[in-house]
Amino acid sequence: MHDKTERMTSVSTDDGTQPQKRTSSFDASAFIARNLRLSPVPGLANIQLYTAHSGSRLSRLGGTDPDAPAPYWAYGWGGGAVLARHIAENPDLVHGRRVLDLGTGSGLVAIIAVKAGATSVVAADIDENAIVAARLNASANGVAIDLLHADLLDGAPPVVDIVLAGDLFYDEALAKRALAFFESCRATGIDVLIGDPYRVPLPTARLRCIAEYSVPDFGLGSDGSEVRAGVFSLDTVPDR
Ligand SMILES: C[S@@+](CC[C@H](N)C(=O)[O-])C[C@H]1O[C@@H](n2cnc3c(N)ncnc32)[C@H](O)[C@@H]1O
């Protein structure tokens, strides 16, 4: 893995009412704990995640930075939900194995992998706030995960047995990079499991659907409506 060491903000408080330029003294962890609500995850017993609500004022987390990433980690996505459900029901997929959860967001898939008996779980995301949220969520669910603030997609395959990716195929350019990375993982014998509610950039022709569930997806709205979502394996390219 070509690591970029996880960067974390240090402790202080932010009680201002206007969006502010975030500084290294802004405490994202305290903000999330204070402004988001620990909520149950439908279909997954005893799992709760810090989830945004109408009073969360999430815009304050990005401050005035126009490049601040969207706070995907604050919502439930069909891709992570379906992958988490499938792993919870089939723990052997990760039991005794080293796991990378790529694009971890809230950390849901990583948390479920620990609970299913993975020997190690690394949760990676390019969004610093996702790393903070995933740490809080892991703690709220009584597990420890290794967190990595990094973009691994242009690097060498990681030293793991299985890569999990929930809802990473939401953008065409990202989907191309992700597929190339996952192909390189498969070429070195690493298993790849993807959860996705059939978003347009999902490369379905290259994937094999191994399970389907109906799960909630924030992309459809926050009213709890469900969407058909699949768990997909990436098979090795057959030799010609
Ligand atoms: C739609 S969210 C899904 C989060 C989580 N896996 C789930 O299903 O609930 C996509 C996540 O992928 C992250 N992401 C996007 N590009 C990435 C990259 N190149 N490497 C790692 N994470 C990435 C985003 O920051 C975001 O947290």
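Residues numbered from 1 in each chain as written. Predicted model: local features only at pLDDT ≥ 70, side-chain atom pairs only at ≥ 80, totals over all residues. Heavy atoms only, no water.

Draft legend 1. Focus on unusual backbone geometry. One non-glycine residue, Asn46, adopts positive backbone phi at about 65°. Within the secondary structure, Asn46 is located in strand β2 (residues 44–51). We note that Tyr198 has phi near 55°; this positive angle belongs to a residue other than glycine. As for its position among the elements, Tyr198 is in the loop between β7 (191–196) and β8 (207–216). Residue Tyr198 is classed as partly exposed on the basis of its relative accessible area of 29%. (Helix = DSSP H or I, 4+ residues; strand = E, 2+ residues; numbered from the N terminus. Buried < 20%, exposed > 50% of the residue type's maximum accessible area, 1.4 Å probe, protein only.)

Draft legend 2. Quick peek at the sheet that holds strand β9 (residues 226–234). As summarised here, the arrangement of the seven strands in space is β5-β4-β3-β6-β7-β9-β8, forming an open sheet in which the pairing is mixed. What marks the edges here is a single partner per strand, and that holds for β5 (146–149) and β8. Each strand axis lies, on average, 20° off the axis of its neighbour in the sheet, ignoring direction. In the sheet, β7 pairs with β9 via four bridges, with the strands oriented antiparallel. Its bridge partner being in β9, Leu193 is matched across the sheet by Ser233. (Pairing = 2+ DSSP bridges. Axes fitted to C-alpha atoms, helices over the stretch in contact; angles between N-to-C directions.)

Draft legend 3. A look at the site of the ligand. Around the ligand there are 18 residues in total, and Gly80, Gly103, Asp125, Asp151 and Gly166 lie nearest to it. Separating a nitrogen atom of the ligand from a backbone N or O atom of Gly103 is a distance of 2.6 Å. In isolation the ligand exposes 590 Å². Once the protein is present, 97% of that is buried. Among the residues forming the shell around the ligand, the class breakdown is eight nonpolar, five polar and five charged. (Near = heavy atom within 4 Å. Polar contact = N/O pair within 3.5 Å; in protein donor to acceptor, adjacent residues only side chain to side chain. Areas by Shrake-Rupley, 256 points an atom, 1.4 Å probe, with all protein chains shown as cover. Nonpolar A, V, L, I, M, F, W, Y, C, P; charged D, E, K, R; others polar.)

Draft legend 4. Main features of the pairing of β2. Where strand β1 (residues 37–41) lies against β2, five bridges are found, and the strand directions are antiparallel. Of the residues in β2, the one forming a bridge with Ser39 is Leu49. Where β1 folds back on β2, the antiparallel hairpin that results is connected by two residues, among which Gly43 adopts a positive phi of roughly 85°.

Draft legend 5. View of helix α6 (residues 172–187). In this model, α6 (16 residues) spans 23 Å end to end at C-alpha, consistent with the 22 Å of a helix rising 1.5 Å per residue. Along α6, the residues classified as buried are Leu174, Ala175, Ala178, Leu179, Phe181, Phe182, Cys185 and Arg186. Buried residues along α6 sit in contact with β3 (98–102), β6 (162–166), β7 and β9. Taking the backbone nitrogen of Ala173 as reference, a side-chain oxygen 3.1 Å away marks Asp171 as the first, capping residue of α6. (Expected span 1.5 Å × (residues − 1). Contact = heavy atoms within 4.5 Å.)

Draft legend 6. Spatial organisation of the packing of helix α3 (residues 78–89) against helix α4 (residues 108–115). Contact geometry for α3 and α4: axes closest at 9 Å, N-to-C directions at 5°. It follows that α3 is roughly parallel to α4 by the angle criterion. Along the contact surface, α3 presents Gly80, Ala81, Leu83, Ala84, Ile87 and Ala88, while α4 presents Leu108, Val109 and Ile112. Looking at side-chain class alone, the contact of α3 with α4 contains eight nonpolar, one polar and no charged residues. (Parallel < 35°, antiparallel > 145°, perpendicular 65-115°, else oblique.)

Draft legend 7. The arrangement of the environment of Pro216 in detail. As for its placement among the helices and strands, Pro216 is situated in strand β8. Note on Pro216: relative accessible area 19%, which makes it buried. Taking the C-alpha atoms as reference points, Pro216 and Pro197, separated by 19 residues in sequence, lie 9.8 Å from one another. Not counting the four nearest positions on each side in its chain, Pro216 is found in contact with Pro42, Trp77, Gly78, Ala81, Gly224, Ser225 and Glu226.

Draft legend 8. Highlighting the packing of aromatic side chains. Taken as a whole and judged by the stated rule, the model has eight aromatic pairs. With 5.6 Å between their ring centres and 75° between their planes, Tyr72 and Trp77 make a pair best called edge-to-face. What makes Trp77 partly exposed here is its relative accessible area of 22%. With centroids separated by 5.4 Å and ring planes inclined at 80°, the aromatic side chains of Tyr198 and Phe232 adopt a geometry described as edge-to-face. (Phe/Tyr/Trp six-rings, centres within 6.5 Å; stacked < 30°, edge-to-face > 60°.)

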